[in-house]
Amino acid sequence: NKNIIDIFNQDKISIVFVGQYSAGKSSIIKMLTNNEHIKIDAEITTDKATVYEWNGLEIVDTPGIDTCLRPEHDEITKCAIANADLLIFVITSGNLFDQRLGDYFRELAYDNNKSSEIMLVVNKMASTALGNVPEQHDIIANGIQCVLEPKYADDYHICYLDAESFLKAKNITEERRVKRFIGISGYDKFVDA
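About the thresholds
- Residues numbered from 1 in each chain as written.
- Predicted model: local features only at pLDDT ≥ 70, side-chain atom pairs only at ≥ 80, totals over all residues.
- Heavy atoms only, no water.
- Helix = DSSP H or I, 4+ residues; strand = E, 2+ residues; numbered from the N terminus.
- Buried < 20%, exposed > 50% of the residue type's maximum accessible area, 1.4 Å probe, protein only.
- Lys, Arg positive; Asp, Glu negative; His and termini not counted.
- Salt bridge = Lys/Arg side-chain N within 4 Å of Asp/Glu carboxyl O.
- Polar contact = N/O pair within 3.5 Å; in protein donor to acceptor, adjacent residues only side chain to side chain.
- Contact = heavy atoms within 4.5 Å.
- Arc of directions from axis to C-beta.
- Pairing = 2+ DSSP bridges.
- Axes fitted to C-alpha atoms, helices over the stretch in contact; angles between N-to-C directions.

A. How the structure looks around the side chain of Lys-30. Take Lys-30: it is sitting in helix α2 (residues 25-33). Of the buried charged residues, Lys-30 lacks a salt bridge, with Glu-36 as the closest side chain of opposite charge at 4.0 Å. Within the structure, Lys-30 has its side chain in polar contact with the backbone oxygen of Ile-38 (distance 3.5 Å). Filtering out sequence-adjacent residues up to four positions away, Lys-30 remains in contact with Asn-35, Glu-36, Ile-38, Ile-40 and Leu-167.

B. Representation of helix α7 (residues 175-185) in the model. When we look at burial in α7, the residues that qualify are Val-178, Phe-181 and Ser-185. For α7, the angular spread of the buried residues around the axis is 70°, confining them to a single face. In α7, the exposed positions that point more than 90 degrees away from the buried face belong to Arg-176, Lys-179 and Gly-183. In this structure, the buried residues of α7 make contact with β6 (157-160), α6 (163-169) and α8 (187-192). Gly-186 occupies a position one or two residues after α7 and carries a positive phi of about 80°.

C. Quick peek at the sheet that holds β6. Strand order in the open sheet formed by 6 strands is β2-β3-β1-β4-β5-β6, and the pairing between neighbours is mixed. Looking along the sheet, the strands with just one partner apiece sit at the ends: β2 (50-54) and β6. On average, each strand axis in the sheet is inclined to that of its neighbour by 25°, with strand direction left out of account. Direction of pairing for strand β1 (residues 14-19) relative to strand β4 (residues 86-92): parallel, over a ladder of 5 bridges. When the bridges of β4 are listed, Val-18 appears paired with Phe-89. This element, helix α5 (residues 134-148), spans β4, β5 (118-123) and β6 of the sheet and lies at about 135° to β6.

D. Expanded view of the pattern of salt bridges. Tallying each qualifying case throughout the model produces 6 salt bridges. When the shortest N-O distance is used, the salt bridge between Lys-12 and Glu-53 registers 2.5 Å. In this pair, Lys-12 sits in the loop between α1 (2-6) and β1 while Glu-53 sits in strand β2, placing the two residues 41 residues apart along the sequence. Taking the shortest distance from any N to any O, the salt bridge between Glu-174 and Arg-176 comes out at 2.9 Å. Among the residues examined, Glu-174 registers a relative accessible area of 35% and is labelled partly exposed. Here Arg-176 falls in the exposed class, since its relative accessible area comes to 59%.

Structure follows, in structure tokens:
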């Protein structure tokens, strides 16, 4: 798709966000870029590949993959993936990988030899039983191991986020609560990774 290829600046590192619709890709990008114009919603909000600038990097938001609702989204996302230097594959703590999304991830990682170019992000961690803490991370890593085989969770850069907590912190004035929400978000660890 020529329109997708034209949006990429070949002089910049391109980080492409992929994952199921409503996994929080746009929320994470809004968290990173501080761009208030990025639309976020529980419904499908991204219907084309959109490029944002962050720390000299090119961040690409893509439509949700494998939705069955809008097959053209898969084609848009595949074109963006082909031009990516790094893929951020976003899943949610509540859904993790269903069969279709797991198959998509394995095809991308192993059939297309992209496993070394993928960072796996588990979003919406505040809604888990324990929250965004190492004990919950271990539970999730064990739960997704069957999808990651023949590799292991430790072979991937897995980040655990709650982008919504970070975005909530922006509307709070009490410093202690701001720090708490940013801590819950996992923002610093994600940026470091």
